[in-house]
Amino acid sequence: MEKRNLNIFGSGSSGGGEFNKIKISGDGTITDALTCQVFKVYGTGVAMGDVKAESLDIYGTIDIHENVKSGSIKIYGTMSANKDVAGKEMKIRGAMDVGGNVSGEDINLKGSLSVKGDCEVENFISDGSFEIGGLLNAGKVNIELKYGNSSVKEIGGEEIQVKRKSSFLGINKQNGSLDVDTIEGDHIYVEYTKASVIRGKKVEIGPGCDIGLVEYNEQFHCAKNSNVKKQIKI
């Protein structure tokens with residue numbers, strides 16, 4: 001039996017269930033849990049139950065009261081989720097606000113991300129801004145500080161790089177910075193970062209940093225205009 005499509009134009013509401021495609025172009029509310037192949041929001045949406053979709057594309061605004069699970073999540077507008085978000089590929093060009101944890105494979109962030117809990121992915125690539133209340137854990141972490149202050153409690157990974165984004169002429173015109181309690185990884189390079197502790201095999205402290213303690217195993221270097229209060233080879 002072929003699954004039905006759901007289209008909400010103007011103002012309307014629907015129950016949940018299984019769908020092929022869901023499109024909200026006006027002001028739409030879905031009152032129960034839903035499963036679908038494609039979920040697109042161009043207007044304003046509310047989903048009151050769990051959302052499971054192969055692809056979730058948000059061009060407008062959506063408020064999801066429960067958990068989100070999707071293969072692909074693309075946000076050009078605003079998505080808020082009260083609980084957990086699991087997405088294989090997440091592309092954030094607008095804003096994503098998560099009340100629980102985020103998990104998946106890839107996050108590509110050019111907008112803003114707020115996560116109350118932990119964020120665990122394979123690759124975390126950002127030149128936007130973020131606020132993560134718990135742990136950011138990824139094999140590869142590549143952060144370009146563009147504007148304003150980003151913050152996270154802990155970062156764990158294999159390759160961790162935090163750099164201030166420069167213009168195409170190579171000039172640092174941005175003013176982004178990072179606040180973090182602890183960074184642990186194999187290869188770590190940071191700029192314009194304030195951290196209590198950094199632990200790694202190879203640690204390089206670039207310009208504009210204020211670090212309490214660096215524990216390193218193989219290699220350590222610190223730029224002249226950064227402050228490291230204490231470093232220990234372990």
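The structure under discussion appears in the preceding block.
> A description of the pattern of salt bridges should follow, citing residues and the corresponding values.
Considering all chains together, one arrives at six salt bridges under this definition. Two residues, K3 and E18, come together in a salt bridge whose shortest N-O distance is 3.6 Å. Here the residue K3 occupies a position in the segment before β1 (4–8), and E18 occupies one in strand β3 (residues 17–24), the gap between them amounting to 15 residues. Here R199 and E184 are joined by a salt bridge, their closest N and O atoms 3.0 Å apart.

> I'd like a description of the packing of aromatic side chains, backed by residues and values.
Each aromatic ring pair is specified by the distance between its two centres and by the angle formed by the two planes. The tally for this structure, following the rule as stated, stands at four aromatic pairs. Seen in terms of ring centroids, Y42 and Y59 are 5.1 Å apart; in terms of plane orientation they differ by 5 degrees. Their pairing is stacked. On the criterion of sequence distance, the pair formed by Y42 in the loop between β5 (34–41) and β6 (44–47) and Y59 in the loop between β7 (51–58) and β8 (61–64) is long-range, its members being 17 residues apart. Take Y42: its relative accessible area is 41%, and that puts it in the partly exposed class. Accessibility expressed as a relative area gives 39% for Y59, which makes it partly exposed. For the pair F124 and F130, a centre-to-centre distance of 5.5 Å together with 85 degrees between the ring planes defines the contact as edge-to-face. F130 carries the same exposure label as F124, and that label is buried. Cluster of aromatic residues (ring-pair linked, three or more members): Y42, Y59 and Y76. Over the face of the ring belonging to Y192 we find R164, whose NZ or CZ atom lies 3.5 Å from the ring centre.

So, how was this worked out
Residues numbered from 1 in each chain as written. Predicted model: local features only at pLDDT ≥ 70, side-chain atom pairs only at ≥ 80, totals over all residues. Heavy atoms only, no water. Salt bridge = Lys/Arg side-chain N within 4 Å of Asp/Glu carboxyl O. Helix = DSSP H or I, 4+ residues; strand = E, 2+ residues; numbered from the N terminus. Phe/Tyr/Trp six-rings, centres within 6.5 Å; stacked < 30°, edge-to-face > 60°. Buried < 20%, exposed > 50% of the residue type's maximum accessible area, 1.4 Å probe, protein only. Lys NZ or Arg CZ within 6 Å of the ring centre and 35° of its normal.

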